[in-house]
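Below are the chains, spelled out letter by letter.
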Amino acid sequence: EQEWCAYQPLPKDYNSTPSDNLVSTLEVASRKLSIEQTKNLLASVNEAYNTQINDILLSALAKVLAEWTENANVLIHLEGHGREDILENVDLSKTVGWFTSIFPVLLKIPQSEQPGQLIKSIKEKLRAIPNRGISYSILKYLCEDTSIKEQIAKIPTAEISFNYLGQF
């Protein structure tokens, strides 16, 4: 139920060939938060809007991507660890491993310049995803209904993946 047609691929500086996609052409950009900034991010930023840390991080990522691409619609693959409580009477506490779920999410940046509006919008979008996205892969790989397979095939492939692993 997403407006997939609103998505546009990420801009590219130049069209590369597979032979150009080498480790030797890799560039890394890295930024670090100070200890105080990290503590604030993990302990207090999310309190104002009753959010989780991934809501805040996704809001920041979506805002940066929207500014860079000049498109208010940002498509990402969101990866979850699959251990969320989504099914009643299913106890995963005695299992080992992850049940990774990866699903596309089209984030729309609100026109408001207020950070609070963006955070609330992202939070509401994420909370509206049924079963935290776990159904997507089940439908994509296990469903035999051709009409559903055709709908899923029309969904564009995200060029960015997001996974918040938590605090270690």
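Residues numbered from 1 in each chain as written. Predicted model: local features only at pLDDT ≥ 70, side-chain atom pairs only at ≥ 80, totals over all residues. Heavy atoms only, no water.

Helical periodicity: at 3.6 residues per turn, an α-helix aligns residues three or four positions apart in one direction. In this model, helix α2 (residues 53–69) (17 residues) spans 24 Å end to end at C-alpha, consistent with the 24 Å of a helix rising 1.5 Å per residue. What α2 keeps buried is the set Ile53, Asn54, Asp55, Ile56, Leu58, Ser59, Ala62, Leu65 and Ala66. For α2, the secondary structure elements touched by its buried residues are α1 (35–43), β1 (73–80), β2 (101–108), α3 (115–127) and β3 (161–162). Residue Glu70 follows α2 closely and has a positive phi angle near 60°. (Helix = DSSP H or I, 4+ residues; strand = E, 2+ residues; numbered from the N terminus. Expected span 1.5 Å × (residues − 1). Buried < 20%, exposed > 50% of the residue type's maximum accessible area, 1.4 Å probe, protein only. Contact = heavy atoms within 4.5 Å.)

What follows deals with the nonpolar core. Core analysis: the biggest nonpolar cluster contains 25 residues, and Leu58, Ile76, Leu78, Val105, Leu107, Ile122 and Leu126 have the highest contact counts within it. Sorting the residues of this core by element identifies α2, β1, β2 and α3 as the ones contributing at least two each. Once residues within four sequence positions are removed from consideration, Val105 is found in contact with Val74, Leu75, Ile76, Leu78, Lys125, Leu126 and Ile129. (Core = buried A, V, L, I, M, F, W, Y, C linked by side-chain atoms within 4.5 Å.)

The next point concerns the sheet that holds β3. Spatial strand order, β2-β1-β3: 3 strands in an open sheet with mixed pairing. Edge strands, defined here as strands with exactly one partner in the open sheet, are β2 and β3. Here 8 bridges tie β1 to β2, and the two strands are oriented antiparallel to one another. Within β2, the residue paired with Asn73 across the bridge is Lys108. (Pairing = 2+ DSSP bridges.)

In this section: the packing of helix α4 (residues 134–142) against helix α5 (residues 146–153). In the contact formed by α4 and α5, the axes pass within 9 Å of each other and the chain directions differ by 115°. In this structure, α4 crosses over α5, and the sense of that crossing is left-handed. Where α4 approaches α5, its residues Tyr136, Leu139 and Lys140 are matched on the opposing element by Ile148, Lys149 and Ile152. Split into classes, the residues belonging to the contact of α4 with α5 amount to 4 nonpolar, no polar and 2 charged. (Axes fitted to C-alpha atoms, helices over the stretch in contact; angles between N-to-C directions. Left-handed = near helix turned anticlockwise from the far one by under 90°. Nonpolar A, V, L, I, M, F, W, Y, C, P; charged D, E, K, R; others polar.)

Below, the discussion takes up the packing of α2 against α3. The contact between α2 and α3 brings their axes to 9 Å, and the two run at 115°. Taken together, α2 and α3 sit at an angle that is classed as roughly perpendicular. Crossing handedness for the pair α2 and α3: right-handed. On α3, the residues that touch Asp55, Ile56, Leu58, Ser59, Ala62 and Lys63 of α2 are Leu118, Ile119, Ile122, Lys123, Leu126 and Arg127. Looking at the contact of α2 with α3 residue by residue, the classes come out as 7 nonpolar, 1 polar and 4 charged. (Parallel < 35°, antiparallel > 145°, perpendicular 65-115°, else oblique.)

Pairing of side chains with opposite charge becomes possible as their charged atoms draw close. Here the structure, examined in full by the defined rule, presents 2 salt bridges. Asp55 is the salt-bridge partner of Arg127, the closest N and O atoms lying 2.6 Å from each other. One end of the pair, Arg127, is in helix α3; the other, Asp55, is in helix α2, and 72 residues separate them in sequence. For Asp55, a relative accessible area of 0% puts it in the buried group. (Salt bridge = Lys/Arg side-chain N within 4 Å of Asp/Glu carboxyl O.)

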